[in-house]
Structures are given as C-alpha cells and as structure tokens.
Amino acid sequence: INPTSITIITLSIITGTIMTMSSSNWLMAWIGLELNMLAILPIISKPKTTRASEATIKYFLTQAIASAMMLLSSTTNAWQTGNWDIPELKNKFSTTIMTLSLMMKMGAAPIHFWLPEVLQGTTLQTALLITTWQKLAPISLMYMISNNIQPALLMSAGILSMIVGGLGGINQTQLRKTMAYSSINNLGWTIMIMALSPNLAVMNISIYIIMTTPIFLMMTNMSTKTLQNLTTTWTTSTTTTLSIALLMLSTSGLPPFTGFMPKMLALNELITQKLTTLATLAIMTSLFSLLFYLRIAYLIMVLTSP
C-alpha cells in the first residue's frame, strides 16, 4: 500500500474511534464505527492470499450486521422516546439489541465466531489492531449505556465469554487463534464487571491492551506464528522470549503479575455485591485460560533453556 493510502487509512481509523468515543448522539457514533470499519478492511485484505480475503469478508459481514442492529436499536428508541442521545437509551428492547450489537462488534461470546477466524487470516500487526484499538469504540458506548443494561444480560454474556475463551484456547497451536481466545476471555471479565462497576471495566480493558500490545509486537519482531516457532525463539533473543512468557502469565491473571489486579478487584466487587456463585464461576473459568497460558510459558521457559 502506498504512503498516501496508509496515511488516509490510519487517520480514518483514529478519527472513527475518537468520533464514536466523543459523540453524544447515536447517529454520530454509528458514523464513527462505520468509518472505522471501512478503513480497516484494506488493511485486513493486504496480504494477497485467499485466507486474507476470507477474513476481510467475514469481518465486513459481522460488523455490517452489528451496525444494522445498532441502527435498528437507536431508531426504535428514538421512535419511542423521541431522543437520539446515547445515555437516554431507555427502551428495554432497544437496550438489549444495542448490547448484542456492541458485543458482536467486540467479538464477545455468544457472537464471537468471527474473531479467531479473522485473526488467523491476517498478519500479526492487523491482529494487534483488531484485538486492541478496534475494541475501544464499542466498549466506550457500552460504558455510556451501562446504567440502562440489565445486569443479568451482561453477567451471563461475561461468564459465557470466559468459558468460551478458556476452553477455545486450550487446544490451539496457532498463536493468533490463542490470542483471539485470550481476547474473548478478557472481554468476558470486562463485560461482567461492567454491570457492577463500569470504571473497573475500563481499567480491566486498559490493562489488557497494555499487556497484549508488547506480546504481539515481540511476536511480529521474531515472526512467530505457532507454538512450534516459540520453542526456538530463545536462539535469536533470550530476553524477548522471557518477556513473552512473563507477559503471557500476566495476561492470565496469575499473581504477583499486573494482570492479577483487575481480576482481584472484580472478584472483590462481586463478593461485596453478594454474588458469590458468580465469583466462584469466574475463578473456575479463569483456570481454563491459565492452562493454555501456562503451556505457552512452559514451552518457552522449561523445554528449551539455552
């Protein structure tokens, strides 16, 4: 892609996200999301392979359906209440449809099917973009309407995402798919705690983004795409290999790493609200995800020490 196109695409992605995050009107938010989606399509389809084309089409179709649901929801709400403001989403039907459409845009379970497939079909840099930057706009919208969403909906979606993210990642050998399931798992925590403490959800997703970015950058640097590639990375750079292992453990929420903090605060919040069963379920599902993170760390650190 030539420099002019890259500049236009990058600016469009940034503008779209900022536009959605700063708008108070549903139509402006929708325009921002559309701009964002259209700008990222050429990036996904950049590798001239059938996998990349397939990933582009999958991404486009899911995002287009989610956008249509979003329009339906906001229009129904405006029709009922005469109001286009984002926090004024008072209609029950509209709120449910809107929540589902935002979850589809982020790739949370039960509408997560597109995420691992799309990531597997693109480059590592694009995968990084989809798992981090592309989640900011939908999450900010969910944050704005979090007071109106039924907590049961958010919590069940959150637990489901944790289970899917944990179990899906266990038998993966492809690192991009593993990172996709890791993203679904982390989204589960974010969505679940959004019902009780939206600020905590924002902190959770921020820490996740801060930890995922260097993992992807280091993988790109060493062009590592499978678990098998990881076992030989120490020959090129021991420091990088060790850093990936530690970051993986941190993302899994293993104490004493950073990733443990948002999980602990979320559990604390759940127990304070007398939701002990939900907290127990959340802990059990995080063990699934810990399993595949530990396997990666084990492959890196134990099997092939220099």
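So, how was this worked out
- Residues numbered from 1 in each chain as written.
- Predicted model: local features only at pLDDT ≥ 70, side-chain atom pairs only at ≥ 80, totals over all residues.
- Heavy atoms only, no water.
- UniProt positions renumbered as here; feature names shortened; annotations may be inferred.
- Core = buried A, V, L, I, M, F, W, Y, C linked by side-chain atoms within 4.5 Å.
- Buried < 20%, exposed > 50% of the residue type's maximum accessible area, 1.4 Å probe, protein only.
- Contact = heavy atoms within 4.5 Å.
- Patch = residues over 30% accessible without salt bridge, like charges linked within 9 Å, V, L, I, M, F, W, Y side chains within 5 Å.
- Areas by Shrake-Rupley, 256 points an atom, 1.4 Å probe, with all protein chains shown as cover.
- Salt bridge = Lys/Arg side-chain N within 4 Å of Asp/Glu carboxyl O.
- Helix = DSSP H or I, 4+ residues; strand = E, 2+ residues; numbered from the N terminus.

An unreviewed UniProt entry lists the chain under the name NADH-ubiquinone oxidoreductase chain 2, from Phrynocephalus vlangalii. As its UniProt record puts it under Subcellular location (unreviewed entry), the chain is described as follows: "Mitochondrion inner membrane". Of the comments in the UniProt record for the chain, the one headed Sequence similarities (unreviewed entry) reads "Belongs to the complex I subunit 2 family."

Asker: Any chance you could break down the nonpolar core for me, citing the residues and the numbers?
Answerer: Ranked by size, the top nonpolar core spans 44 residues in total, and within it Tyr-59, Ile-130, Met-219, Ile-244 and Met-248 carry the most contacts. The contact partners of Ile-130, leaving out residues within four places of it in the chain, are Ile-40, Ile-44, Tyr-59, Trp-114, Leu-115, Val-118, Leu-119 and Lys-135. Residues Leu-89, Ile-145, Ala-157 and Ile-159 belong to the second largest nonpolar core, which totals 39 residues.

Asker: Any chance you could break down a nonpolar patch on the surface for me, citing the residues and the numbers?
Answerer: Judged by side-chain polarity, Leu-242, Leu-246, Tyr-298, Met-301 and Val-302 come together as a nonpolar surface patch covering roughly 440 Å² of accessible area. Sorting the residues of the nonpolar patch by element identifies helix H12 (238–252) and helix H14 (276–301) as the ones contributing at least two each. Within the element layout of this structure, Leu-246 appears in helix H12.

Asker: I'd love a proper account of the side chain of Ser-183, names of residues and values included.
Answerer: With respect to the helices and strands, Ser-183 occurs in helix H9 (residues 175–194). By relative accessible area, which is 1% here, Ser-183 ends up buried.

Asker: Can you lay out the UniProt feature "transmembrane region" (unreviewed entry) in the chain for me, pointing to particular residues and giving the numbers?
Answerer: Residues annotated in UniProt with the feature "transmembrane region" (unreviewed entry) correspond here to residues 152–170, 191–217, 237–257 and 278–301. A helix fraction of 100% and a strand fraction of 0% characterise residues 152–170, whose end C-alpha atoms lie 27 Å from each other. Between the C-alpha atoms that bound residues 237–257 there is a distance of 22 Å. The span itself is 71% helix and 0% strand.

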